[in-house]
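Here is how the chains run, residue by residue.
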Amino acid sequence: LQLRGHITERLLMTKLLLVTFLATASALKVAGGPVVPQPAVKPSSMSTALQLRGGGMVDQGVWLKAASAFFGLYGVGFLLAPEMTITQNFVVTPDKYHSFFARNIGLCILYTVYLLNYKMDVAAAVPALVAYMAICAVVGPVYAELKLETTPAHKAALLMVPFIVTGLLAL
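Residues numbered from 1 in each chain as written. Predicted model: local features only at pLDDT ≥ 70, side-chain atom pairs only at ≥ 80, totals over all residues. Heavy atoms only, no water.

1. Topic: the overall build of the protein
Check the secondary structure of the protein and you find seven helices and two strands. For the protein, buried positions account for 24% of its 171 residues. Within the protein, contacts between residues at least 6 apart in sequence are counted, and of these 72% link residues at least 24 apart. Split by element, the accessible area of the protein, about 12100 Å² in all, is 72% carbon and sulfur. (Helix = DSSP H or I, 4+ residues; strand = E, 2+ residues; numbered from the N terminus. Buried < 20%, exposed > 50% of the residue type's maximum accessible area, 1.4 Å probe, protein only. Contact = heavy atoms within 4.5 Å. Areas by Shrake-Rupley, 256 points an atom, 1.4 Å probe, with all protein chains shown as cover.)

Next comes the structure, spelled out in structure tokens:
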């Protein structure tokens, strides 16, 4: 009796038996001792989601760009329009020395933002910028609010605080 052209029923049964024996032998092969079932530990959906995203509650790449834009705008102001930036924030008439220092501060800020965005990977840049912004917030706007005569516009510099908080959430 031929089933499919040249394959006989006996040949088909032989092949099926061979595959069955191989599968059985493979299933009986034990690599080690008996497998003891471990209770399944399910991570929380929050940690799984954060792990899937690669870290903190705030996306590091998005935070780095937003914080860099905020910080970079101060750098641009200090570098290109130091007198205007100073008079917007403080009750003082800037002289050439104020302008000189302000331009250098602007250059430092912009260079730092450049390095963090183009010469470092995001995982290293975010903690560096969070720390830098925290130190700058204390030495700069917080000190100025407590010890110097500031204008109402200077309060905008305190928007660094939410960036620091969200930066911590991005770690």
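Next, the rest of the story.
2. Observations regarding the state of the cysteines
This model, assessed by the stated rule, comprises zero disulfides. No disulfide involves cysteine 108; its sulfur sits 10.0 Å from that of cysteine 136, the nearest cysteine. Given the relative accessible area of 23%, cysteine 136 is considered partly exposed. (Disulfide = S-S within 2.5 Å.)

3. Some words on the nonpolar core
Trp63, Phe71, Leu129 and Met133 are the most contacted members of the largest nonpolar core, which has 21 residues in total. The set of elements that each furnish at least two residues to this core consists of α3 (60-80), α5 (96-118), α6 (122-147) and α7 (160-170). Beyond its immediate chain neighbours, meaning those up to four positions away, tryptophan 63 contacts Val58, Val126, Leu129, Val130, Met133, Phe163, Thr166, Gly167 and Ala170. (Core = buried A, V, L, I, M, F, W, Y, C linked by side-chain atoms within 4.5 Å.)

4. Observations concerning the environment of alanine 66
Mapped onto the elements, alanine 66 comes out in helix α3. On a C-alpha basis, the gap between alanine 66 and phenylalanine 163 in space is 8.5 Å, while along the polypeptide they are 97 residues apart.

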